[in-house]
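# Remarks on the overall topology
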Amino acid sequence: MRIIDFHAHLDGCWLDKPLPTAADLVATLDRCDVEAACVYTVMGFYGDCPRHNDALAERCLSQPGRLIPFVTVDPKLGPAAVEELERCLADPFFRGVKFHPWLQAFACSMVKETMVAILRAAARHNVPVLFHDGTPPYSTTFQIADVARWVPEAVVVLGHAGSADYTDPAAQLIRDIPNLYGCFCGSRPGDLLHLVATAGADKILFGSDFGAGGGWELLPERIDNVTEAGLSPDDLAKILHANSDRLLKLREQPLARLPVLQ
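Here is a short report on the structure shown in this document. (Residues numbered from 1 in each chain as written. Predicted model: local features only at pLDDT ≥ 70, side-chain atom pairs only at ≥ 80, totals over all residues. Heavy atoms only, no water.)

## Describing the overall build of the chain
Scanning the chain from N- to C-terminus turns up 10 helices and 10 strands. Its C-alpha atoms give the chain principal-axis dimensions of about 45 × 40 × 40 Å. When burial is assessed residue by residue, the chain has 58% of its 262 residues classed as buried. Taking all contacts inside the chain whose residues are at least 6 apart in sequence as the whole, residues at least 24 apart take part in 76%. In the structure as shown, the chain presents an accessible area of about 10,500 Å², 54% of it carried by carbon and sulfur atoms. Charged side chains in the chain number 23 positive and 33 negative. The centres of these two groups are separated by 3 Å. (Helix = DSSP H or I, 4+ residues; strand = E, 2+ residues; numbered from the N terminus. Buried < 20%, exposed > 50% of the residue type's maximum accessible area, 1.4 Å probe, protein only. Contact = heavy atoms within 4.5 Å. Areas by Shrake-Rupley, 256 points an atom, 1.4 Å probe, with all protein chains shown as cover. Lys, Arg positive; Asp, Glu negative; His and termini not counted. Charge placed at Lys NZ, Arg CZ, Asp CG, Glu CD.)

## Description of the layout of surface pockets
Estimates place the volume of the largest pocket at around 220 Å³. Contributing to the lining of the largest pocket are 17 residues, with Trp14, His100, His132, His160 and Asp209 lying nearest its centre. Counting only elements with at least two residues in the lining of the largest pocket, the list comes to β1 (4-9) and α4 (101-104). (1 Å grid on protein atoms, 1.4 Å probe; cavity = no way out; pocket = protein on both sides within 12 Å on 5 of 7 lines; lining within 4 Å. Points joined across faces, edges and corners; volume = space filled by probe spheres on them.)

## Here's the deal with the pairing of strand β6 (residues 96-99)
Neither face of β6 is left uncovered, since the one carrying Gly96 and Lys98 and the one carrying Val97 and Phe99 both have all their residues buried. Direction of pairing for strand β5 (residues 67-71) relative to β6: parallel, over a ladder of 2 bridges. Along β6, the bridge assignment pairs Phe70 with Gly96. As for the winding sense of the linkage, the β-α-β connection from β5 through helix α3 (residues 79-89) to β6 is right-handed. For β6 and strand β7 (residues 129-131), the ladder comprises 3 bridges, and the chain directions are parallel. What sits directly across from Lys98, in β7, is Leu130. (Pairing = 2+ DSSP bridges. Right-handed = clockwise from strand over helix to strand, strands pointing away.)

## Looking at the pairing of strand β4 (residues 36-40)
The buried fraction of β4 amounts to 5 of the 5 residues, a majority that puts the element mostly inside the structure. Of the two faces of β4, the one holding Ala36, Cys38 and Tyr40 and the one holding Ala37 and Val39 are both buried throughout. Direction of pairing for β1 relative to β4: parallel, over a ladder of 4 bridges. Within β4, the residue paired with His9 across the bridge is Tyr40. Pairing analysis gives 3 bridges linking β4 to β5, with the strands arranged parallel. By the bridge assignment, Val39 is partnered in β5 with Pro69.

## Looking at the pattern of salt bridges
Applying the stated criterion to the full structure yields 14 salt bridges. Across the pair Glu35 and Arg2 runs a salt bridge, and its minimum N-O distance is 2.8 Å. Highlighted residues: Glu35 in the loop between α1 (22-31) and β4 and Arg2 in the segment before β1, separated in sequence by 33 residues. Overall, Glu35 belongs to the partly exposed group, its relative accessible area being 30%. Residue classification places Arg2 among the partly exposed positions, given a relative accessible area of 31%. (Salt bridge = Lys/Arg side-chain N within 4 Å of Asp/Glu carboxyl O.)

## Some thoughts on helix α2 (residues 49-61)
For α2, which comprises 13 residues, the first-to-last C-alpha distance of 18 Å matches the rise-based estimate of 18 Å (1.5 Å per residue) to within 8%. By the burial criterion, the buried members of α2 are Cys49, His52, Asn53, Leu56, Ala57 and Cys60. The arc that holds every buried residue of α2, seen down its axis, measures 140°, which confines them to one face. In α2, those exposed residues whose orientation departs by more than 90 degrees from the buried face are Arg51 and Glu58. At its buried positions, α2 is contacted by β4, β5 and α3. (Expected span 1.5 Å × (residues − 1). Arc of directions from axis to C-beta.)

## Quick look at the packing of α3 against helix α5 (residues 112-125)
Contact pair α3 / α5: the axes reach a minimum separation of 10 Å and the direction vectors enclose 15°. Taken together, α3 and α5 sit at an angle that is classed as roughly parallel. For the crossing formed where α3 meets α5, the hand is right-handed. Taken together, the residues of α5 that come into contact with α3 (itself represented by Ala81, Val82, Leu85, Glu86 and Leu89) are Thr114, Ala117, Ile118, Ala121, Ala122, Arg124 and His125. Its residues placed into classes, the contact of α3 with α5 shows 8 nonpolar, 2 polar and 2 charged. (Axes fitted to C-alpha atoms, helices over the stretch in contact; angles between N-to-C directions. Parallel < 35°, antiparallel > 145°, perpendicular 65-115°, else oblique. Left-handed = near helix turned anticlockwise from the far one by under 90°. Nonpolar A, V, L, I, M, F, W, Y, C, P; charged D, E, K, R; others polar.)

See the structure below:
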């Protein structure tokens, strides 16, 4: 059974708390038979995105073919954020964009002009844009779903598919907005069946939140929440790897080994 983790974090620390290294993360992937993980910064959400994007790429390089970096930029910086996004996405090593509006201290509506430019750039590069969702302020599922409507050609992913409090609206929004997807990451185990029944298995991705939400034990727990949900084999395969494979273009563009960041 193939598994791709669409939601993990890789950084040196979270404030004063050390985080697992790239080697630690890959050892956990091996332990749980996960072939690859999309990884996002943590400290980059607090500032100096270019430095943290470069550091993330270097960490992923140490484990070639296993870790898939996503860009983070600060939309409050306006054109500079779009320039940094273009710099990183010029390298196919980066396969997506990640925002955490709560930690980054912005509401998408207050930076709409820049966010629209970012989403259009992501669409041109054919990469998904994942937002933390399910928690106020700035990150309710409704707020993130609105962003998907601004640029219909962009792929927008609810990073927690509503989390605990917004699962029902998340399922309906994913169903009703063609370019909106949901990452089942930290939601209650029983919510997966509802998400699939309402939105369809083609629009749900598996994620663990490893590297920010807990130690190695978190990953098998999150996998069990999917594999033991009672899904059909076809739906299970879509959620665990096929949908991620498609959005990340892994067949058309196998993971590059060397970034070209300058």
